[in-house]
Amino acid sequence: SWPEWSLQVGSRPDGYGDGRRLARTGHFNADIPIDMLRPGENVVTVTATYKEGDPFHLTAYIELETGSYEMPALIDWSRVQDVQDAGQCVDGHWEIHEDGLRPLHTGYDRVFLVGERHWRDYEVNVRVTVHRVDEDTGPRSGGNGLGILHRFQGHVIGGPRKFPPHQPKWGYQPVGSITWLRWMGGAGKPPEKQFYRGDGHRTTEHGAFNLELAKTYHLKSRSTTLEDTAEGLGVTRYQFKIWEMDTEEPVVWDFDETQESASALRSGGAALIAHHVDVTFGNVVIYDHTDV
């Protein structure tokens, strides 16, 4: 039989859950290690004990399947019945709408993951339409963000930034990098085109982008592995661009960053990330651009 875990429930008085992955009061996240699952059907029982009344039991059936997520990957949301058939809802509730994938509510790092841990060099192409940018991001979130997280392998305890134990785990580095728009000056000002390193809390801003609500833009982001340094540091080139739909794609990338790191991940899935942003992600195309 499986061991029992105690789940934390979001309970901050300001309504922001635990201020991180538990975005709202009453939210919980059963963070189950995949190596705890047996092949085939697994039964998970969640028990909620209220201050008054009998405990409430919820039984979930989880199917552990074998297989792989190959590149190139094309997600046409009009052909997807269950969002979990296309990827993984790491955080937040996501729903397929007429124009694409949209989080049901905004919050801290709403993340939808595509791919596998062995993915390495790839280009992500997706259209984005922003409906709202939260005025308030809560106690720990900083500026709103929207873009692509490269080379994600799951949340961690420890790592280069020594993230503390928690349920659910909230340590988000090491990763490859985050390439995104970041509202550093607040929701009412244009976002910055930002490169966020995969091994620490260092960012580089590359100018403001005059984004308009309800307008659709094309977002493209790329990772490319380069030769290690003489000291053995891993080197990866990250590129990012965004432009208005139905206009010509810019020839030059909005930013082109080369990251040298001892701990940033060299492989991992691609994640769509909406950090306190209500956004629709359109169809997604991901391919290994080094094979072309």
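Provided above is the structure to which this section pertains.
Attention here is on the structure that accompanies the text. Model, not experiment: these values are computed from the prediction. (Residues numbered from 1 in each chain as written. Predicted model: local features only at pLDDT ≥ 70, side-chain atom pairs only at ≥ 80, totals over all residues. Heavy atoms only, no water.)

**Thoughts on the overall build of the chain**
The line we're drawing: By the criteria applied, helices consist of DSSP H or I runs no shorter than four residues and strands consist of E runs no shorter than two, each listed in order from the N terminus. Only protein chains enter the accessibility calculation, which uses a 1.4 Å probe; a residue is then buried when its area is under 20% of its type maximum, exposed when over 50%, and partly exposed in between. Contacts are residue-level and defined by heavy atoms, with any inter-residue pair within 4.5 Å sufficient. Here the Shrake-Rupley method, with its probe set to 1.4 Å, supplies the accessible areas, and only the displayed protein chains count as covering residues. Positive charges are assigned to Lys and Arg, negative charges to Asp and Glu, while His and the chain termini are left out of the count. Each charge is placed at NZ for Lys, CZ for Arg, CG for Asp and CD for Glu.
Helices and strands together make up the secondary structure of the chain, namely 0 helices and 17 strands. Overall, the C-alpha framework of the chain stretches about 65 × 45 × 40 Å when taken along its three principal axes. Within the chain, buried positions represent 47% of all 292 residues. Here the contacts in the chain between residues at least 6 apart in sequence split such that 63% fall between residues at least 24 apart. Approximately 15200 Å² of the chain is accessible, and the part contributed by carbon and sulfur atoms is 48%. Charge-centre separation for the chain: the mean point of 29 positive side chains lies 5 Å from the mean point of 43 negative side chains.

**Description of the sheet that holds strand E16 (residues 269-275)**
Put simply, the test is: The criterion for strand pairing is that DSSP finds at least two bridges linking the strands in question. Note on method: axes are straight lines fitted to C-alpha atoms, helices fitted across the in-contact stretch only, with angles between N-to-C directions ranging 0 to 180 degrees.
If you trace the 7 strands from one edge of the open sheet to the other, you get E4-E7-E16-E9-E10-E11-E12, paired in antiparallel fashion. Looking at the sheet topology across the chains shown, the edges are occupied by strand E4 (88-91) and strand E12 (203-208). Shown here is a sheet whose adjacent strand axes are inclined to one another by a mean of 20°, direction ignored. One ladder, built from 4 bridges, connects strand E11 (residues 192-197) with E12; its direction is antiparallel. If you follow glutamine 194 over to E12, its bridge partner there is glutamate 205.

**Focus on empty space enclosed by the protein**
Threshold: Cavity means a closed set of points on a 1 Å grid over the protein atoms alone, one where a 1.4 Å probe fits but cannot get out, pocket means an open set with protein on both sides within 12 Å along at least 5 of 7 lines, and lining means a residue has an atom within 4 Å of a point. Grid points are joined across faces, edges and corners, and a volume is the space filled by probe spheres set on the points. Three classes are used: nonpolar for Ala, Val, Leu, Ile, Met, Phe, Trp, Tyr, Cys and Pro, charged for Asp, Glu, Lys and Arg, and polar for all others, with Gly counted as polar.
Tallied over the full model, the rule gives 2 cavities of 30 Å³ or more. In this structure, the largest cavity is lined by Arg151, Gly176, Gly234, Val235, Thr236, Tyr238, Gln259, Ser261, Ala264, Leu265 and Arg266. Mapped by element, the contributors of at least two residues to the lining of the largest cavity are strand E14 (234-244) and strand E15 (255-261). Looking at the lining of the largest cavity element by element, the count peaks at 4 residues for E14. Residues of the lining of the largest cavity, tallied by class, amount to 4 nonpolar, 5 polar and 2 charged. Roughly 30 Å³ of internal volume is contained in the second largest cavity. The wall of the second largest cavity is formed by Tyr16, Gly19, Arg20, Ala23, Gly107, Tyr108, Thr137, Ser141 and His276. Per-class residue counts for the lining of the second largest cavity are 3 nonpolar, 5 polar and 1 charged.

**Some thoughts on the layout of surface pockets**
The volume enclosed by the largest pocket comes to roughly 2300 Å³. Counted by class, the lining of the largest pocket contains 23 nonpolar, 16 polar and 11 charged residues. Quantified by volume, the second largest pocket comes out at close to 880 Å³. Every residue lining the second largest pocket is counted, 25 residues in all, and those nearest its centre are Trp5, Leu7, Thr45, Val46 and Thr47. Elements that contribute at least two residues to the lining of the second largest pocket include exactly strand E1 (40-48) and strand E2 (56-64). Here the element with the most residues in the lining of the second largest pocket is E1; it accounts for 6 residues. Looking at the lining of the second largest pocket residue by residue, the classes come out as 16 nonpolar, 6 polar and 3 charged.

**Here we look at the side chain of lysine 241**
Selection rule: We call two N or O atoms a polar contact when they sit within 3.5 Å, provided that within protein one can donate a hydrogen and the other can accept it, with sequence-adjacent residues counted only if both atoms are side-chain atoms.
Inspection of the secondary structure puts lysine 241 in strand E14. Side-chain polar atoms of lysine 241 contact the backbone oxygen of proline 250, separated by 2.7 Å. Ignoring any residue separated from it by four or fewer positions in sequence, one finds lysine 241 in contact with His218, Leu219, Lys220, Glu249, Pro250, Val251, Val252, Trp253 and Asp254.

**Side note on the pattern of salt bridges**
Where charged atoms from two side chains of opposite charge approach closely, those side chains can pair. Keep this limit in mind: Every case where a carboxyl oxygen of Asp or Glu lies within 4 Å of a side-chain nitrogen of Lys or Arg is listed as a salt bridge.
Here the structure, examined in full by the defined rule, presents 19 salt bridges. Residue aspartate 278 is joined to arginine 102 by a salt bridge in which the shortest nitrogen-to-oxygen separation is 2.8 Å. Here the residue aspartate 278 occupies a position in strand E17 (residues 277-287), and arginine 102 occupies one in strand E6 (residues 100-103), the gap between them amounting to 176 residues. Assessed through its relative accessible area of 8%, aspartate 278 is described here as buried.

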